[in-house]
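One letter stands for each residue in the lines below.
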Amino acid sequence: MELIKELKKEHAVLSKKIQALREMFGFSLDRERIKLSLGDFEKFWNSHEEKEENFFNERKDLDFAKMIIEEHLDLRGHWEVIQKYLDKRDVALKVALETDGKMILDKFEKHIKKEEEYFNSLSHSQ
Ligand SMILES: [Fe+2]
Ligand SMILES: [Fe+2]
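Rules behind the numbers
- Residues numbered from 1 in each chain as written.
- Chains lettered and ligands numbered in written order.
- Predicted model: local features only at pLDDT ≥ 70, side-chain atom pairs only at ≥ 80, totals over all residues.
- Helix = DSSP H or I, 4+ residues; strand = E, 2+ residues; numbered from the N terminus.
- Buried ≥ 20, exposed ≤ 12 C-beta atoms within 10 Å, placed from the backbone.
- Contact = placed C-beta atoms within 7 Å.
- Expected span 1.5 Å × (residues − 1).
- Bend = angle between axes of the 7 residues up to and from the residue.
- Axes fitted to C-alpha atoms, helices over the stretch in contact; angles between N-to-C directions.
- Parallel < 35°, antiparallel > 145°, perpendicular 65-115°, else oblique.
- Left-handed = near helix turned anticlockwise from the far one by under 90°.
- Nonpolar A, V, L, I, M, F, W, Y, C, P; charged D, E, K, R; others polar.

(A) Spotlight on the environment of Lys60. In this fold, Lys60 is placed in the loop between helix 2 (31–57) and helix 3 (63–85). With 10 C-beta atoms packed within 10 Å, Lys60 lands in the exposed category. Aside from chain neighbours lying at most four places away, what touches Lys60 is Ala65 and Lys66.

Here's what the structure looks like:
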């Protein structure tokens with residue numbers, strides 16, 4: 001249960017980081033700043049995901065665990081696309097961040113929400 005507590009705390013941190021990225025995507029085309037923020041998010045997400053994968057890999061018999069692991073792969077694919085935006089011209093970068101950029105942040109939020117609901121159901125059933 002300690003791990004679940006830790007993951008939930010990290011979700012709160014991730015939610016704040018997602019909110020900050022959302023705001024930045026709406027107004028900034030400063031590539032250095034975007035790169036730094038993406039790098040910061042990615043580093044935190046990587047370590048969070050590793051812990052979750054250990055947790056969910058032990059529960060692979062559950063459809064929910066399989067779905068979570070698949071979503072991690074899906075999110076990673078979208079994340080790689082986002083990095084490529086930084087090579088685009090200003091107008092294209094702006095459009096990409098406002099559309100695909102926000103879409104991936106929505107996906108992250110939905111993913112976290114599903115995990116939270118699952119973790120809460122575990123702690124309630126104890
Ligand atoms: Fe996750
Ligand atoms: Fe998570």
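On we go.
(B) Expanded view of helix 4 (residues 90–124). The terminal C-alpha atoms of helix 4 lie 49 Å apart, and with 35 residues this matches the ideal 51 Å at 1.5 Å per residue to within 8%. At Leu97, helix 4 shows its largest kink, close to 35°. Among all positions in helix 4, only Leu97, Gly101, Ile104, Leu105, Phe108 and Glu115 are buried. Of the surrounding elements, those touching the buried residues of helix 4 are helix 1 (2–27) and helix 3.

(C) Representation of the packing of helix 3 against helix 4 within the structure. Their axes nearest at 10 Å, the elements helix 3 and helix 4 cross at an angle of 160°. Between helix 3 and helix 4, the crossing angle belongs to the class labelled roughly antiparallel. By crossing handedness, the relation of helix 3 to helix 4 is classed as left-handed. Contacts between helix 3 and helix 4 involve Phe64, Ile68, Glu71, Leu75, His78, Trp79, Val81, Ile82 and Tyr85 on the former and, on the latter, Leu93, Ala96, Leu97, Asp100, Gly101, Ile104, Lys107, Phe108, His111, Glu115 and Tyr118. Looking at the contact of helix 3 with helix 4, its residues break down into 13 nonpolar, 3 polar and 4 charged.

(D) Region of interest: the packing of helix 2 against helix 3. Relative orientation of the contacting elements helix 2 and helix 3 amounts to 160°, with a least axis distance of 11 Å. The angle between helix 2 and helix 3 places the two elements in the roughly antiparallel class. As helix 2 runs across helix 3, the sense of the crossing is left-handed. The residues of helix 3 that touch helix 2, namely those facing Leu38, Glu42, Glu49, Glu53 and Phe56, are Ala65, Ile68, Ile69, His72, Trp79, Ile82 and Gln83. Split by residue class, the contact of helix 2 with helix 3 holds 7 nonpolar, 2 polar and 3 charged.

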